[in-house]
Amino acid sequence: MVSEGTSVQSAIDTLENIQITRYVSAAGVVVLLYDHLLTFEQEVNYVWKAKRSIARTLFLILRYTVPVFLLVYNATGLSGIAKFNLPDDVRFCKVWLIATACLGQITIGITNAIVLLRLWVIWKRDLLLMKLTGVGFVLCQLGSLAAVGISSRQLARALAFDRFQYICVLNHQMHIFPLWIPGLVFEVMVFLTAFVYWLLQPRAPDDAMTRALYRNGLMYFLVLFSLRLLNTVLAIVAPLSLAFVGIFFIWSACTLTTTRLVLNVRSYSASQSSIREPCIRDPNLANVPILTRTTPETRCTDEDASQPASPAVGHPDMRV
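Criteria and cut-off values
- Residues numbered from 1 in each chain as written.
- Predicted model: local features only at pLDDT ≥ 70, side-chain atom pairs only at ≥ 80, totals over all residues.
- Heavy atoms only, no water.
- Helix = DSSP H or I, 4+ residues; strand = E, 2+ residues; numbered from the N terminus.
- Buried < 20%, exposed > 50% of the residue type's maximum accessible area, 1.4 Å probe, protein only.
- Areas by Shrake-Rupley, 256 points an atom, 1.4 Å probe, with all protein chains shown as cover.
- Core = buried A, V, L, I, M, F, W, Y, C linked by side-chain atoms within 4.5 Å.
- Expected span 1.5 Å × (residues − 1).
- Polar contact = N/O pair within 3.5 Å; in protein donor to acceptor, adjacent residues only side chain to side chain.
- Axes fitted to C-alpha atoms, helices over the stretch in contact; angles between N-to-C directions.
- Parallel < 35°, antiparallel > 145°, perpendicular 65-115°, else oblique.
- Contact = heavy atoms within 4.5 Å.
- Nonpolar A, V, L, I, M, F, W, Y, C, P; charged D, E, K, R; others polar.
- Salt bridge = Lys/Arg side-chain N within 4 Å of Asp/Glu carboxyl O.
- Phe/Tyr/Trp six-rings, centres within 6.5 Å; stacked < 30°, edge-to-face > 60°.

Caption draft 1: Region of interest: the overall build of the protein chain. Counting its secondary structure elements, the protein chain contains eight helices and five strands. Secondary structure elements of the protein chain occur, N-terminal to C-terminal, as α-α-α-α-β-β-α-α-α-β-β-β-α. When the 320 residues of the protein chain are sorted by exposure, 45% land in the buried category. By element, 68% of the accessible surface of the protein chain is carried by carbon and sulfur atoms, the whole surface being about 17300 Å².

The following block contains the structure:
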């Protein structure tokens, strides 16, 4: 009787954990989409109108790939929220979650690349620092590829489809935490490098731009590192029925944090670029096509004086 009661309680706990996983994953998508709506105007002004660049392309890939993928996940039977008759459920489940692991690592790589490009600008494109962090980035990406390969083989053997709950489940315990170890190592390496550089560089006491850069960077590191560390801990200590509880929510939160960082930096850059020295209209300079600086005042044409600063152009240290 005791064993039967224990079995019933275990089944109840499993069902509760599956429900928790479903709604935590859905909550992550809702938060991500809500933030997308809140920041869409900023995106149009500071990203879509900016010049084409690698950083801009990476941002847009990250911005739209993750929510679309998660929407498909929650709109199909794979999350258990909606139910569809999927052919060969087990095979489809395996292909889908292995693809999820691959896409997750790709977006982590994109996130790291965006941060690295930003830091290279802050570091004045110091060749030694670029080589050091560039090699670290490549090594961490290779480590991520190896982790995906190992985890994919384990997933293929461990995944099953629960037709009663209509959700992908693991039929035995497996270790997926190596998927996030390379990203954590890279973030610690970059943070330490940036911190040492900040300590060694002379700074003006009123350098608001530099303070804003490092303040945003520190907040970004703390939030993202904490989220990925939480993902790793959950992968190690969570019971089998909670193996996926944090993956999709934390994926959404990491994407939100990165896109917010880029948009905040570009917004701050635009606000700084809009602060321009006053121009004194001089009829003698009407045919001069460019700003002409004199001492002690700046003279410009009517066209230059009336032209607003572009939101996509700002302080060079703020371009991401």
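The rest of the description comes next.
Caption draft 2: Main features of the nonpolar core. Formed by 61 residues in total, the largest nonpolar core has its most connected members in L97, W123 and L170. Top element by residues in this core is helix α3 (residues 89-122). It accounts for 13 residues.

Caption draft 3: Looking closely at helix α4 (residues 127-158). Relative to the 46 Å expected for 32 residues at 1.5 Å per residue, α4 spans 46 Å between its end C-alpha atoms, a close match to the ideal helical length. The backbone nitrogen of L128 lies 3.1 Å from a side-chain oxygen of the residue at the head of α4, namely D126.

Caption draft 4: Region of the structure containing the packing of α4 against helix α5 (residues 181-200). Relative orientation of the contacting elements α4 and α5 amounts to 170°, with a least axis distance of 9 Å. As summarised for this structure, α4 and α5 are arranged roughly antiparallel, according to the angle between their axes. Contacts between α4 and α5 involve L129, L132, T133, G136, F137, C140, G143 and S144 from the first element and P182, V185, F186, M189, T193 and Y197 from the second. Each residue belonging to the contact of α4 with α5 can be placed in one class, and the counts come to nine nonpolar, five polar and no charged.

Caption draft 5: The pattern of salt bridges, seen in detail. Enumeration over the complete set of coordinates arrives at three salt bridges. Measuring nitrogen to oxygen at the nearest pair gives 2.6 Å for the salt bridge that ties R260 to D35. With R260 in helix α7 (residues 247-273) and D35 in helix α1 (residues 2-48), this residue pair connects regions lying 225 residues apart in the sequence. Judged by its relative accessible area of 28%, R260 is partly exposed. Exposure remark for D35: the relative accessible area of 6% places this residue in the buried category. Residues R228 and E187 are paired through a salt bridge, measuring 2.1 Å at the closest nitrogen-oxygen approach. In this pair, R228 is assigned in helix α6 (residues 208-237) and E187 in helix α5, connecting sequence segments 41 residues apart. Each member of the pair, R228 as well as E187, carries the same accessibility label: buried.

Caption draft 6: Spotlight on the environment of F69. One can find F69 in helix α2 (residues 54-75). For F69, a relative accessible area of 13% translates into the label buried. In this structure F69 touches W96, T100, L103 and W251, once residues within four positions along its chain are discounted.

Caption draft 7: Up close: the environment of L117. Note on placement: L117 falls in helix α3. Linking L117 and G134, residues 17 residues apart in sequence, is a C-alpha distance of 9.9 Å. Sequence-distant contacts of L117, that is, excluding residues within four places in its chain, are made with I54, A55 and L58.

Caption draft 8: Representation of the packing of aromatic side chains in the model. Per the counting criterion, the structure on display carries five aromatic pairs. Measuring from ring centre to ring centre gives 5.8 Å for F137 and F186, while their planes differ by 70°; the resulting arrangement is edge-to-face. Residue F137 is located in helix α4, and its partner F186 is located in helix α5; the two are separated by 49 residues in the primary sequence. As far as burial versus exposure is concerned, F137 and F186 are alike and both buried. Ring geometry for F248 versus W251: centroids 6.4 Å apart, planes at 35°, classification tilted. Separated by three residues within a single helix, F248 and W251 lie in helix α7, roughly one turn from each other. In this structure, F248 and W251 share a single accessibility class: buried. One aromatic cluster is present, formed by F69, F248 and W251 through successive ring pairs.

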